[in-house]
Amino acid sequence: MPVSQPYKPEPFIEQPTFEDVKISKLVSPALLRYLANRGIPADIAQRYCVQVDYKLHGKNYYAIGFENSAHGFELRSSFFKGSYPPKHITHIANSNARCNVFEGFIDFLSAERLGLNDGNDSVVLNSVANVGKAIPTLAEYPLILCYLDNDTAGRAAVARLRREFGDRVSDKSARYPDHKDLNDYLQSLNPKKSTKLKF
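Okay, so let's go over this structure. Here the residue numbers are simple positions, counted from 1 along each chain's written sequence. Restriction of local features to residues with pLDDT of at least 70 applies here, the model being predicted, together with a cutoff of 80 or more for giving and counting side-chain atom pairs; totals for whole chains, interfaces and linings are based on all residues. Where side-chain values are given, they derive from all heavy atoms of the structure, hydrogens and water being excluded.

This paragraph deals with unusual backbone geometry. Omega for the peptide link from Pro85 to Pro86 comes to 5 degrees, which places this bond in the cis form. Its identity is not glycine, yet His71 carries a phi of approximately 70 degrees, on the positive side. Checked against the element boundaries, His71 lands in the loop between strand 3 (59-67) and strand 4 (73-77). Notably, Asp118 is not glycine yet its phi reads approximately 45 degrees, a positive angle. Secondary structure elements follow DSSP: runs of H or I of four or more residues count as helices, runs of E of two or more count as strands, with numbering from the N terminus. By the secondary structure assignment, Asp118 is in the loop between helix 3 (105-114) and strand 8 (121-124).

Spelled out as structure tokens, the structure:
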């Protein structure tokens, strides 16, 4: 019988979206103010984050950058939430037997502000879709403390980790039951004063 030739798809060449990407110390007053409004002081932000200047569709932008373990960056500003590929988890290792797990880096920074990390190792998922990527890293820890969002996706991520690691997983979202996430809880401790715009 004649053997058909195997299908060979045309190679896909990804067009770069980000151009002229520059990484530097986080010093932008606007970006530091954005974090301060979310309860994150500059010293904590500058310890873990950088400033990423980039061009997108011909326009210049800048954002807070949080590096992941594959050397991509999560990007945040008051008007943008995205990532510079590759997308991956961030593992912050302090040689501790306990590991905190967060959905995003704003929650990780919030935990720093609240004193919840306390020398523990941390895994920032940078999206609950990355929970599978975190499993090999988390496998080495006897205690996994989850500070995930109080929503369906957060609960599903905790359930997935419990299927993998059983009683080694502790759900810490009960610390902020009336808030959608850890940063929302942090902001509630220091409610913003209403200010009128001056013209």
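We are not done yet, so read on.
This next bit is on the environment of Asn126. Tracing the sequence through the fold places Asn126 in the loop between strand 8 and helix 4 (131-138). Along the chain, Asn126 and Glu67 lie 59 residues apart, while their C-alpha atoms are 9.9 Å from each other. Non-local contacts of Asn126, meaning those with residues more than four positions away in its chain, are made with Phe66, Asn68, Glu74, Lys87, His88, Ile89, Thr90, Glu103 and Phe105. Any N or O atom pair separated by 3.5 Å or less is treated as a polar contact, with the protein-specific requirement of one donor-capable and one acceptor-capable atom, and with residues adjacent in sequence counted only for side-chain atom pairs. In this structure the side chain of Asn126 is engaged in a polar contact, spanning 3.0 Å, whose partner is the side chain of Thr90. Note on definitions: a residue-residue contact is assigned when non-hydrogen atoms from the two residues lie within 4.5 Å.

Spatial strand order, 6-8-7-9-10: five strands in an open sheet with mixed pairing. Both outer strands of the open sheet, strand 6 (90-92) and strand 10 (169-171), are each paired with one neighbouring strand and no more. Across the sheet, the mean angle from the axis of one strand to that of its neighbour is 20 degrees, orientation sign disregarded. Against the sheet, helix 4 makes contact with strand 6, strand 7 (98-102), strand 8 and strand 9 (143-147), and its axis sits at roughly 160 degrees relative to strand 8, the strand it touches most. Inter-axis angles, ranging from 0 to 180 degrees, are taken between N-to-C directions of lines fitted to C-alpha atoms, where helices are fitted over the stretch in contact. The sheet contacts of helix 5 (residues 152-165) involve strand 9 and strand 10, and relative to strand 10 the element is tilted by about 155 degrees. Two strands are counted as paired when DSSP detects at least two bridges linking them.

The next point concerns the sheet that holds strand 1 (residues 18-25). The strand order 1-2-3-4-5 describes an open sheet built from five strands, whose pairing is antiparallel. With one partner strand each, in any of the chains shown, strand 1 and strand 5 (80-84) form the two edges of the open sheet. For this sheet, the mean angle separating the axes of adjacent strands, direction not counted, is 30 degrees. As judged from the six bridges shared by strand 1 and strand 2 (residues 50-56), these two strands associate in the antiparallel manner. Each residue of the ladder has a partner; that of Phe18, found in strand 2, is Leu56. Here helix 1 (residues 29-37) sits on the sheet in contact with strand 2, strand 3 and strand 4, set at roughly 50 degrees to strand 3.

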